[in-house]
Amino acid sequence: GDHRDLHSFLHDALPISVFDEGELKGLVTIDIVNEYTERKDTKIKNVMNPKPPVIDFEFPANALSQLTRISGCVLVEKNSKIIGIITSSDLLKMM
């Protein structure tokens, strides 16, 4: 049904960055989706994780594991714009 399709889509897209007028406000993770999918009255702003660390795209990759261990992911910016996200599972794939 529709519920499984939406859940699969969200699972593949996660974590999702939440912005308000171009400013990063937080992240939605698979745990949040799993917990709140059934609750129709829940607003994302009330359940999202806080904003993760933001690093410059020139940041050394070998220093990422400590950051992702703490927050689960980091956002990558270039010229003050978010251009990507690196999760702890992304780092595992690189090893």
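Just so it is clear, the model here is predicted, and its values are computed rather than measured.

Caption draft 1: Spatial organisation of the sheet that holds strand β2 (residues 23–28). Within the open sheet, the 3 strands sit side by side as β1-β2-β3. Their pairing is antiparallel. On the outer flanks of this sheet lie β1 (16–20) and β3 (49–50), each paired with one strand and no other.

Caption draft 2: Quick peek at the side chain of T68. You can see T68 is positioned in helix α4 (residues 64–71). Judged by relative accessible area, T68 falls into the buried class, the value being 4%. From its side chain, T68 meets the backbone oxygen of S65 in a polar contact 3.2 Å long.

Caption draft 3: Just the side chain of T87, in detail. Among the secondary structure elements, T87 is positioned in strand β6 (residues 81–87). On the basis of relative accessible area, T87 is assigned to the buried category, the value being 12%. Side chain to side chain, T87 and S89 meet in a polar contact 3.0 Å long. Apart from the residues lying within four places of it in its own chain, the contact partners of T87 are P15, T68, G72 and C73.

Conventions we followed
- Residues numbered from 1 in each chain as written.
- Predicted model: local features only at pLDDT ≥ 70, side-chain atom pairs only at ≥ 80, totals over all residues.
- Heavy atoms only, no water.
- Pairing = 2+ DSSP bridges.
- Helix = DSSP H or I, 4+ residues; strand = E, 2+ residues; numbered from the N terminus.
- Buried < 20%, exposed > 50% of the residue type's maximum accessible area, 1.4 Å probe, protein only.
- Polar contact = N/O pair within 3.5 Å; in protein donor to acceptor, adjacent residues only side chain to side chain.
- Contact = heavy atoms within 4.5 Å.

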